[in-house]
Amino acid sequence: MTVRLRVAPSPTGDPHVGTAYMSLFNLAFVRQQGGQFVLRVEDTDRARFQADSEAQVYETLAWLGLDWDEGPDKGGPCAPYRQSERLDTYQPYVEQLLGEGHAYHCWCTPERLQEMREDQQRRKVPTGYDRLCLGKTYEDRAALGGAQERPVVRMLIPDDVPLAFTDLIRGEVHAPRPDDQVILKGDGFPTYHLAVVVDDHLMGITHVVRGEEWISSTPKHLLLFDWLGWERPQFAHMPLLRNPDKSKISKRKNPAARLTWFVEQGYLPEALVNFLGLLGYSLPSQEEIFTFAEMSATFDWSRVNTVGPVFDLEKLGWLNGHYIRELSEEDLRARLVPFLADAGLYDGSAGHLDLLTGAVPLVQTRMAVLSEVVDLLRFLFVPEQDFTVDPAAAEKNLVGAEAILTACTDALEALDEWTVESVQAAMDAALIDGLGLKRGKAYAPVRTAVTGSGIAPPLPESMALLGKARVLRRLRAAA
RNA sequence: GUCCCCAUCGUCUAGCGGCCCAGGACUCCACCCUUUCAAGGUGGCUACGCGGGUUCGAAUCCCGUUGGGGGCACCA
């Protein structure tokens, strides 16, 4: 039997980093087994639905190179892959469960349910539906109050509901006893619990890989598989990604919870994939830098941790810097262009292309994320009339440095050939030999005058790229 | 409140009864290199939550405790 796994995001906002995390582990196993990976959109929550969210899921997963074999956008033998388009699919199973006595109608209003729960909490008993509607007709029930006309359908959880199951990562797991879960909402949409079971079965899913937060609802799903006479898939409950305070990673507390944030910041997809693979997992080789293919080749569920890892941006930054340094200069240049262009610094002209080509080797070891290139190379691309010197750097390096700046200006002005070597030779002759300064002391004012900052790429190289005219102008302006 | 899951350096992790007075990586600190900042090199600090067992022997097994997390929706 061929292995089939799925990821099932809900289009309720910006794509979540957890979706990528789950996809990575699903896919690592799928590709190793030669199986198929299904992308299913779980859009049964009309209240939180967001139209552009689905396309963003496709974009970000594709950006990461986490590719799916079947999905709403790609089609496939089990189409449609959007739950909102499968409403007719679920209905017969609801009828079947109702007919066999495994489910019943419930007319309780949200208000009554809430009161019931609050009362249960006050009495310190487990919360759960009290089955007021069980065995009643609408007329019976309406007489009791707190009822509404449109019923929902609930599962009738039996006393002997199986609570234990085998998890690929955790082994034998015991989950809590479920409540009489709603499986069909008043609006006719199935809830997650029904839809996931029906779709997983109909789509031939063999392994359900999902977050730890689903452990407690697994007994409901098991029951549904059993009632419907379907074979149960295998389960793997992944640990939850955490904020630094250990809570479940959230968009409110953590910018890194949004997948698009990584694109905006200039993280490399290969670095993010590598990093996600490091969370809650380690290769048998103990290697920390690896590709998806390497991870997939040796993938093993027993190596997945049960502890929820904190998503540590510090280490991702290091990893990203490593991958940046690994890029060819051409590749890096191409990835840098959008950031410079978005900042309004890069116009795509041949002149700018030449400048950037020359600047890439100067910045390659100086970035943790691609977006840092904007501050690093602003001095090189900024229109001359917009060039400014950072006040703090001016205070520190320009005050009292007139002699250095003048000597440097004079030496450079006399230069016929404008190269890294000639610029450096002229500066050294004028400032080190001429004024008797150490190189560090001598270069600081020049750096600040020319780049506008106390921190910049190597100075003679930067000046060579900048060109004689701009260098002299800035030097004079600062003196 | 209730039920379930989990527990090694600050963080990510190795470890699955002796090879561990616990190894690697990130961070941090020091030094080297050096025109700033990086990168690179070398070295260093820091952990088996606690208490009981089991065993010749426990980070590894069991129990308890504490701590953290998650679920308890007509959300997924």
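Residues numbered from 1 in each chain as written. Chains lettered and ligands numbered in written order. Predicted model: local features only at pLDDT ≥ 70, side-chain atom pairs only at ≥ 80, totals over all residues. Heavy atoms only, no water.

Undergrad: Can you walk me through the overall build of chain A in this structure?
TA: Along its length, chain A carries 20 helices and 9 strands. For 479 residues, the compact-globule estimate of 2.2 N^0.38 gives 23 Å, and chain A exceeds it by more than 25% at 31 Å. By its C-alpha atoms, chain A is 100 × 50 × 40 Å across when sized along the principal axes. In chain A, buried positions account for 49% of the 479 residues. Here the analysis covers contacts within chain A between residues at least 6 apart in sequence; of these, 74% occur between residues at least 24 apart. When the accessible area of chain A is evaluated, it comes to approximately 21600 Å², of which 51% is carbon and sulfur surface. Charge-centre separation for chain A: the mean point of 49 positive side chains lies 5 Å from the mean point of 67 negative side chains. (Helix = DSSP H or I, 4+ residues; strand = E, 2+ residues; numbered from the N terminus. Rg over C-alpha atoms; globule rule 2.2 N^0.38 Å. Buried < 20%, exposed > 50% of the residue type's maximum accessible area, 1.4 Å probe, protein only. Contact = heavy atoms within 4.5 Å. Areas by Shrake-Rupley, 256 points an atom, 1.4 Å probe, with all protein chains shown as cover. Lys, Arg positive; Asp, Glu negative; His and termini not counted. Charge placed at Lys NZ, Arg CZ, Asp CG, Glu CD.)

Undergrad: I tried to follow the pattern of salt bridges on my own but got confused; where do I start?
TA: A side chain with one charge may pair with a side chain of the opposite charge, provided their charged atoms come close. Within this structure, the stated rule accounts for 30 salt bridges. Between arginine 40 and aspartate 200 there is a salt bridge, with the nearest N and O atoms lying 2.9 Å from each other. Linking arginine 40 in the loop between β2 (36-39) and α2 (53-63) with aspartate 200 in helix α6 (residues 192-202), this pair joins segments that are 160 residues apart in sequence. Looking at arginine 40, the relative accessible area reads 0%, which means it is buried. Residue aspartate 200 is classed as buried on the basis of its relative accessible area of 3%. Linking glutamate 270 and arginine 335 is a salt bridge whose minimum nitrogen-to-oxygen distance equals 2.9 Å. Pair noted here: glutamate 270 is in helix α9 (residues 269-278) and arginine 335 is in helix α12 (residues 329-342), with a separation of 65 residues, a long-range link. Residue classification places arginine 335 among the partly exposed positions, given a relative accessible area of 23%. (Salt bridge = Lys/Arg side-chain N within 4 Å of Asp/Glu carboxyl O.)

Undergrad: Explain unusual backbone geometry here, please?
TA: As a rule of thumb, non-glycine residues mostly have phi less than zero, and peptide bonds are mostly trans rather than cis. Cis geometry marks the peptide bond from alanine 79 to proline 80; its omega dihedral reads -5°. Look at arginine 131: it is not a glycine, yet its phi comes out positive at around 65°. Here arginine 131 lies in the loop between α4 (110-122) and α5 (138-142). Classification of arginine 131 as partly exposed rests on a relative accessible area of 28%.

Undergrad: Whenever I open this one, the domain arrangement of chain A confuses me. Can you help?
TA: Interfaces are often sized by the amount of accessible area the parts lose when they come together. Taken as a whole, chain A is organised into domain 1 (4-72 + 242-303), domain 2 (86-238), domain 3 (327-378) and domain 4 (391-478). Distance between the C-alpha centres of domain 2 and domain 4: 73 Å. (Domains from an automatic or database assignment.)

Undergrad: I tried to follow α9 on my own but got confused; where do I start?
TA: Here α9 lies mainly inside the structure; 9 of its 10 residues are buried. Three or more residues of α9 are buried, namely Pro269, Ala271, Leu272, Val273, Asn274, Phe275, Leu276, Gly277 and Leu278. Considering only its buried residues, α9 is in contact with α1 (17-33), α2, α8 (259-265), α10 (292-297), α11 (313-326) and α12. Within two residues after α9, glycine 280 carries a phi angle of roughly 75°, on the positive side.

Undergrad: Help me out: how do you make sense of the protein's contact with RNA strand B in this one?
TA: Close contacts around RNA strand B come from 62 residues, with Gln148, His174, Gly280, Thr365 and Arg447 the closest. Sugar and phosphate atoms constitute 73% of the interface atoms of RNA strand B, taking the interface as everything within 4 Å of the protein. Here glycine 186 contributes a backbone N or O atom positioned 2.7 Å from a base oxygen of RNA strand B. A distance of 3.2 Å is found between a sugar or linking oxygen of RNA strand B and a side-chain nitrogen or oxygen belonging to glutamate 212. Of all the secondary-structure elements, those providing two or more residues to the surface near RNA strand B are α4, β4 (147-155), α11, α18 (439-451) and α19 (459-466). Residue classes in the surface near RNA strand B are distributed as 22 nonpolar, 17 polar and 23 charged. (Near = heavy atom within 4 Å. Polar contact = N/O pair within 3.5 Å; in protein donor to acceptor, adjacent residues only side chain to side chain. Nonpolar A, V, L, I, M, F, W, Y, C, P; charged D, E, K, R; others polar.)

Undergrad: What am I meant to see in the nonpolar core here?
TA: Across soluble globular proteins, nonpolar side chains have a tendency to be buried as a group. By size, the foremost hydrophobic cluster in this structure holds 103 residues, and its most contacted members are Phe262, Phe311, Leu377, Leu412 and Val446. It is α1 that contributes the most residues to this core, 10 residues altogether. Aside from chain neighbours lying at most four places away, what touches leucine 377 is Leu356, Ala359, Val363 and Pro457. Counting residues in hydrophobic clusters, the runner-up holds 36 residues, among them Ile157, Val161, Leu184 and Leu224. (Core = buried A, V, L, I, M, F, W, Y, C linked by side-chain atoms within 4.5 Å.)

Undergrad: Is there a simple way to explain the confidence of the model for chain A in this structure?
TA: In low-pLDDT segments, the atomic positions of the prediction should not be examined closely. In this model, chain A carries a mean pLDDT of 96, and residues with pLDDT of at least 70 account for 100%. Among the scores for the predicted complex, ipTM is 0.96 and pTM is 0.95. (pLDDT = per-residue confidence, 0-100.)

Undergrad: Looking at this structure, I do not really get the packing of aromatic side chains. What am I missing?
TA: The relative placement of two aromatic rings is captured by the distance of their centres and the angle of their planes. A full pass over the atoms with the stated rule returns 19 aromatic pairs. Ring geometry for phenylalanine 262 versus phenylalanine 311: centroids 5.9 Å apart, planes at 55°, classification tilted. Of this pair, phenylalanine 262 sits in helix α8 while phenylalanine 311 sits in the loop between α10 and α11, placing them 49 residues apart in sequence. In this structure, phenylalanine 262 and phenylalanine 311 share a single accessibility class: buried. Aromatic pair phenylalanine 275 and phenylalanine 311: ring centres 5.0 Å apart, planes at 75°, arrangement edge-to-face. Residue phenylalanine 275 is found in helix α9, and its partner phenylalanine 311 is found in the loop between α10 and α11; the two are separated by 36 residues along the sequence. Overall, the relative accessible area of 2% leaves phenylalanine 275 in the buried class. Accessibility expressed as a relative area gives 3% for phenylalanine 311, which makes it buried. It is arginine 46 that lies over the ring of phenylalanine 189; its NZ or CZ is 5.8 Å from the centre. A cation over a ring is seen here: arginine 154 above tyrosine 129, with NZ or CZ 3.9 Å from the ring centre. (Phe/Tyr/Trp six-rings, centres within 6.5 Å; stacked < 30°, edge-to-face > 60°. Lys NZ or Arg CZ within 6 Å of the ring centre and 35° of its normal.)

Undergrad: How do you make sense of the packing of helix α16 (residues 402-413) against α18 when you look at a structure like this?
TA: Two quantities define a packed helix pair, namely the angle between the helix axes and the distance between the axes. For the pair α16 and α18, interaxial distance at closest approach is 9 Å and the crossing angle is 80°. Taken together, α16 and α18 sit at an angle that is classed as roughly perpendicular. Contacts from Ile404, Leu405 and Cys408 of α16 reach α18 at Lys441, Ala442, Pro445, Val446 and Ala449. (Axes fitted to C-alpha atoms, helices over the stretch in contact; angles between N-to-C directions. Parallel < 35°, antiparallel > 145°, perpendicular 65-115°, else oblique.)

Undergrad: Before we go on, may I ask you to explain the environment of proline 190 in this structure?
TA: Its place among the elements puts proline 190 in the loop between β7 (182-184) and α6. Ignoring any residue separated from it by four or fewer positions in sequence, one finds proline 190 in contact with Thr44, Leu87, Tyr90, Ile183, Leu184, Lys185 and Ala195.

Undergrad: It is not clear to me how the pairing of strand β5 (residues 164-167) should be interpreted in this structure. Could you clarify?
TA: Side-chain direction in a regular strand flips from residue to residue, so the side chains alternate between the two faces of the sheet. Only one face of β5 is buried, namely the one carrying Phe165 and Asp167, since none of Ala164 and Thr166 on the opposite face is buried. Connecting the antiparallel pair β5 and strand β6 (residues 171-174) is a turn made up of 3 residues. (Pairing = 2+ DSSP bridges.)

Undergrad: What am I meant to see in α18 here?
TA: Since there are 3.6 residues in each turn of an α-helix, residues three or four apart along the chain are aligned in direction. Compared with an ideal rise of 1.5 Å per residue, which puts 13 residues at 18 Å, α18 spans 17 Å between its outermost C-alpha atoms and is within 8% of the ideal. Contacts from the buried residues of α18 go to α14 (373-381), α15 (391-397), α16, α17 (420-434), α19 and α20 (468-478). At the C-terminal side of α18, glycine 452 shows a positive phi close to 80°. (Expected span 1.5 Å × (residues − 1).)

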